[in-house]
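# Structural characterization, general
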Amino acid sequence: MTGTGSYTVARPSSPRATTAARGKSTRPKSIGWLFVAPFGLVFLVFLVAPLVYAFWLSLFSKGLATGTTFSGIGNYVKAFTDTEFLGGLLFVVVFSVVLIPLQMLVSLAAALVLDAVTTKLARFSRLMIFVPYAIPAVIGALMWGFLYSPGFGPLAQLFGLFHASAPNLLGSHEVFGALLNVVTWQWSGYYMIIIYAALQGIDSSLYEAARIDGAGPWQIALRIKVPLVASALVLILVFALIGTLQFFTEPQVLAPSSNGAITPSFTPNMYAYNLAFANSQINYASAISFALGLVVFIGVYIFLFATRKKGRIV
Amino acid sequence: MGVAHDCGQSIPLDASLARSRLPGLGPEQRSFRVKKKALIALVGLAVVSALTACSSPGGSGGSTPAATDKPQSQADKPSNCDNKILYPSATRVSLWGWSPTLPVAVDAFDKAHKDVQICWTNAGAGSAEYQKFSTAIAAGKGAPDVIMLETDHLNSFLIKDALVNLSDYGADKWKSDFSAGTLKDISSNGGIYAIPDDGGPVALMYRKDIFDQYGLTVPKTWAEYAADADKLKSAGGPAIGDWPNDTPAFAQAMFAQAGADTFDYNINQKTSLGVDIDNAASRKVLDYWDGLVQKGEVVTTGQSSTDFVSELSSGKLATFIAASWEPGHLTGAGFTRGPGSPWRVAMLPQWNADSPVQVNWGGSTYAVTTQSKVPHAASEVAMELFGHENQQTLGAHFPQHVKVQKASWFVNAEDPFFGGQKANKEVWIPTADAYKGQSYSPFQDYYYQQVTAMLTKTTSGAESSKAGLSKLQSTIASYAKAQGFTVKTK
């Protein structure tokens with residue numbers, strides 16, 4: 001009783017003294033650690049420790065016919081001169097450059113329309129645009145594999161009506177577009193929701209003011225809404241950039257149907273996976289993973305730096 | 001060492017049962033097929049037997065496998081078996097395999113062996129299982145005692161010291177059970193490393209109705225096959241066959257038939273590898289098929305795609321060059337069986353009809369892993385599991401045990417997939433007899449990946465066969481060097 005009393009009394013009279021007292025006592029500090037512990041433990045055991053271990057592995061090399069030897073940065077030198085890794089990297093970079101603007105355009109357009117229209121149909125459409133995101137990526141890819149099938153999918157029936165044979169959408173030249181479609185379909189709904197939420201947060205008096213000044217709906221959308229959701233757009237861009245550079249699930253699932261067009265080193269992540277599990281090159285696979293991580297980090301950093309300067313957002 | 005039979009009762013044959021091909025067979029031998037089976041969690045560390053001698057009525061005393069293994073504690077017994085353990089106190093041997101008739105064979109084995117029980121897990125088919133096995137090898141634990149492997153992957157695991165030399169456990173007495181070609185496939189440096197259950201003799205499956213309709217004769221040579229292809233094309237018929245990119249094991253079999261001897265490897269000299277990829281035989285094969293593809297007489301559908309099966313069943317292909325396990329694989333995919341079946345099978349067309357060469361594609365074996373703590377019991381499982389093959393354990397497989405190949409129920413079986421044709425007698429048995437064996441690389445998965453990469457370029461015409469093969473040769477040679485091999489180019 002007394003202890004508590006004196007504590008409460010001491011507090012208003014001298015805040016500085018209280019801080020000092022707290023500094024001396026380790027109790028509040030350790031309680032803080034206790035609160036962080038459940039997350040911290042999982043974070044350390046399942047993220048930091050594997051990363052450290054993988055990095056450690058990446059410093060060694062082991063051939064099928066040789067023992068394990070320390071090779072320092074040898075694996076990294078090899079990675080950045082490995083045409084398979086660089087080819088995969090080029091693919092995901094080009095894929096990002098095409099995919100991300102397309103995805104943003106689709107999701108922004110959908111969000112703007114849904115924000116402007118407030119009927120029951122709009123709410124239903126919102127749900128329908130979002131649904132692909134709720135479908136697991138593996139299931140989505142399998143489903144598209146069926147839809148793309150020139151032998152027995154809907155394409156075959158459609159082309160059959162005109163007595164033509166359906167194109168092979170998973171051929172070497174077509175697979176880029178085929179994957180672009182799957183990913184746009186899967187993620188646009190999610191990005192649309194992020195933009196839509198940002199749009200909902202805009203004060204409607206702004207629109208009123210704009211209308212009084214003579215702005216039409218197009219002008220409101222492009223001159224007021226889009227600049228105000230710019231920070232949401234940057235967020236989406238970062239998400240999409242990280243996700244696309246680590247592209248894995250869809251090509252991995254569609255590979256068996258592609259008759260070799262999707263190679264084991266199609267994307268850097270697939271390459272790392274195949275090196276580790278199909279070709280037993282765990283050390284080199286670790287190096288490939290870290291090399292990819294480095295590229296993603298640099299890419300995202302450059303991007304954030306550039307956008308910060310220009311628009312003073314984020 | 002007295003291994004094998006002492007403890008085992010022979011599995012009774014039930015001759016009254018017709019040879020039944022099980023429906024919905026898995027994609028056995030083709031490692032590059034889609035793996036759909038649910039992946040089952042790794043069984044715990046295998047291990048060890050408490051048993052002394054054969055206490056079972058099946059055992060006739062004397063030296064028994066379980067007797068020479070160290071006792072297996074209760075905690076070391078593998079659990080989570082897909083099958084029912086009949087004798088819980090017996091030494092338990094863990095087994096990974098995906099053969100569709102495994103449940104039957106495992107139950108028969110367990111019933112006949114009171115001292116050794118199999119704990120079977122389906123760890124996925126082909127490369128799905130190999131990836132788990134490789135991971136377990138790298139981890140130093142987690143591998144089963146006995147594992148099902150395809151013959152073309154044996155060297156890939158031998159180099160990792162992952163397989164036990166079964167000759168040390170009495171496998172040599174099974175030598176007379178296998179043909180010379182099969183023995184070559186399962187041996188290295190004189191030791192036997194795996195016991196095969198089924199093989200994959202390659203033959204020509206063809207549509208009798210299409211052949212009749214267009215007046216084609218069954219081709220005996222590749223020249224006749226090409227002539228039939230021309231005839232079909234000019235009459236507006238379907239494509240004669242398929243030349244896929246994604247089935248490198250098939251391409252490899254075709255190279256071998258033309259005389260390519262791609263690899264030279266022996267664990268005697270672990271770090272030395274002979275590579276001969278860019279040779280005239282392989283060029284001839286590529287040029288032949290690419291020519292047919294360019295004329296539009298052969299399609300290039302990937303054989304691990306579902307499209308391929310639909311093309312086969314809808315009459316879009318007049319022939320299919322296939323291994324003996326293929327009919328089992330296709331059963332249940334909309335193919336008519338019995339008298340109405342349009343499919344027949346004939347011997348594989350030849351480059352030179354006067355000196356025919358027969359080849360093999362796929363085929364499974366059972367090997368004992370070096371992680372096993374009960375190698376004697378495990379060897380007994382590997383040797384006995386399909387040692388007394390009957391109609392039920394065989395399913396739609398082609399047996400490698402010569403005595404089963406000679407059994408009259410097998411020789412005279414009428415295959416409903418081929419409209420009741422005596423396919424074993426007419427095609428599969430003579431093909432298997434003539435097979436001389438092949439040698440494979442110690443990194444077969446990598447080789448297959450690169451063959452597929454080459455085929456995507458050569459088949460589409462983006463690269464000549466010469467350029468493709470010479471590039472493949474240098475890719476494989478430099479990979480081998482990077483892995484620490486001394487590469488000999490022939």
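Heads up: the structure comes first, above all this text.
Everything in this summary refers to the structure shown in the same document. (Residues numbered from 1 in each chain as written. Chains lettered and ligands numbered in written order. Predicted model: local features only at pLDDT ≥ 70, side-chain atom pairs only at ≥ 80, totals over all residues. Heavy atoms only, no water.)

The next point concerns the overall build of chain B. In terms of helices and strands, chain B carries 18 helices and 15 strands. Across the 490 residues that make up chain B, the buried fraction comes to 64%. For chain B, the exposed area adds up to about 16700 Å²; of that, 53% sits on carbon and sulfur atoms. (Helix = DSSP H or I, 4+ residues; strand = E, 2+ residues; numbered from the N terminus. Buried < 20%, exposed > 50% of the residue type's maximum accessible area, 1.4 Å probe, protein only. Areas by Shrake-Rupley, 256 points an atom, 1.4 Å probe, with all protein chains shown as cover.)

Every contact between the two is made by 32 residues of chain B and, on the other side, 24 residues of chain A. Carbon and sulfur atoms make up 51% of the surface buried where chain B meets chain A, a total of about 2100 Å² over both sides. Counting the surface chain B buries against chain A, the share from its top three residues, B:Q131, B:D307 and B:Q483, is 27%. In this assembly, chain B and chain A are joined by zero salt bridges. At the junction of chain B and chain A, the tally comes to eleven residue pairs in polar contact (both at pLDDT 80 or more). Those elements that place two or more of their residues in the side of chain B that touches chain A are α3 (127–139), α10 (306–313) and α17 (444–459) of chain B. For the side of chain B that touches chain A, the element with the highest residue contribution is α17(B), accounting for six residues. (Contact = heavy atoms within 4.5 Å. Buried area = accessible area lost by both parts, 1.4 Å probe. Salt bridge = Lys/Arg side-chain N within 4 Å of Asp/Glu carboxyl O. Polar contact = N/O pair within 3.5 Å; in protein donor to acceptor, adjacent residues only side chain to side chain.)

What follows deals with empty space enclosed by the protein. Scanning all chains against the criterion turns up six cavities of 30 Å³ or more. In this structure, the largest cavity occupies an estimated 140 Å³ of space. A:A278, A:S280, B:S156, B:K160 and B:D445 are, among the 16 residues lining the largest cavity, the residues nearest its centre. Among the elements of the structure, α3, α4 (154–158) and α17 of chain B are those that each provide at least two residues to the lining of the largest cavity. Among the elements that take part in the lining of the largest cavity, α17(B) stands out by supplying three residues, more than any other. For the lining of the largest cavity, the residue count by class is eight nonpolar, six polar and two charged. (1 Å grid on protein atoms, 1.4 Å probe; cavity = no way out; pocket = protein on both sides within 12 Å on 5 of 7 lines; lining within 4 Å. Points joined across faces, edges and corners; volume = space filled by probe spheres on them. Nonpolar A, V, L, I, M, F, W, Y, C, P; charged D, E, K, R; others polar.)

With that settled, the discussion passes to the layout of surface pockets. Computed from the structure, the second largest pocket encloses a volume of approximately 1100 Å³. Sorting the residues of the lining of the second largest pocket by element identifies α3 (27–58), β1 (60–62), α14 (268–277) and α15 (282–311) of chain A together with α3 of chain B as the ones contributing at least two each. In terms of residue count, α15(A) provides more of the lining of the second largest pocket than any other element does, eleven residues in total. Looking at side-chain class alone, the lining of the second largest pocket contains 24 nonpolar, 14 polar and two charged residues.

Moving on to the packing of helix α7 (residues 222–234) of chain B against helix α9 (residues 280–294) of chain B. Residues and elements named next belong to chain B. Contact pair α7 / α9: the axes reach a minimum separation of 11 Å and the direction vectors enclose 5°. It follows from the interaxial angle that α7 and α9 lie roughly parallel. Contacts between α7 and α9 pair W222, Y225, A226 and A229 from the former with Y288, W289 and L292 from the latter. Split into classes, the residues belonging to the contact of α7 with α9 amount to seven nonpolar, no polar and no charged. (Axes fitted to C-alpha atoms, helices over the stretch in contact; angles between N-to-C directions. Parallel < 35°, antiparallel > 145°, perpendicular 65-115°, else oblique.)

So, about the packing of aromatic side chains. Throughout the structure, instances matching the rule amount to 52 aromatic pairs over all chains. Taking the centre distance of 6.4 Å and the plane angle of 15° together, the rings of A:Y301 and A:F305 count as stacked. Of this pair, A:Y301 and A:F305 both sit in helix α15, four residues apart, which is roughly one turn of the helix. Residue classification places A:Y301 among the exposed positions, given a relative accessible area of 52%. Sitting over the face of the ring of A:Y284, A:K78 holds its NZ or CZ atom 4.1 Å from the ring centroid. Its end group placed over the ring of B:W343, B:R207 keeps NZ or CZ at 5.8 Å from the ring centre. (Phe/Tyr/Trp six-rings, centres within 6.5 Å; stacked < 30°, edge-to-face > 60°. Lys NZ or Arg CZ within 6 Å of the ring centre and 35° of its normal.)

By themselves these figures say nothing about function.
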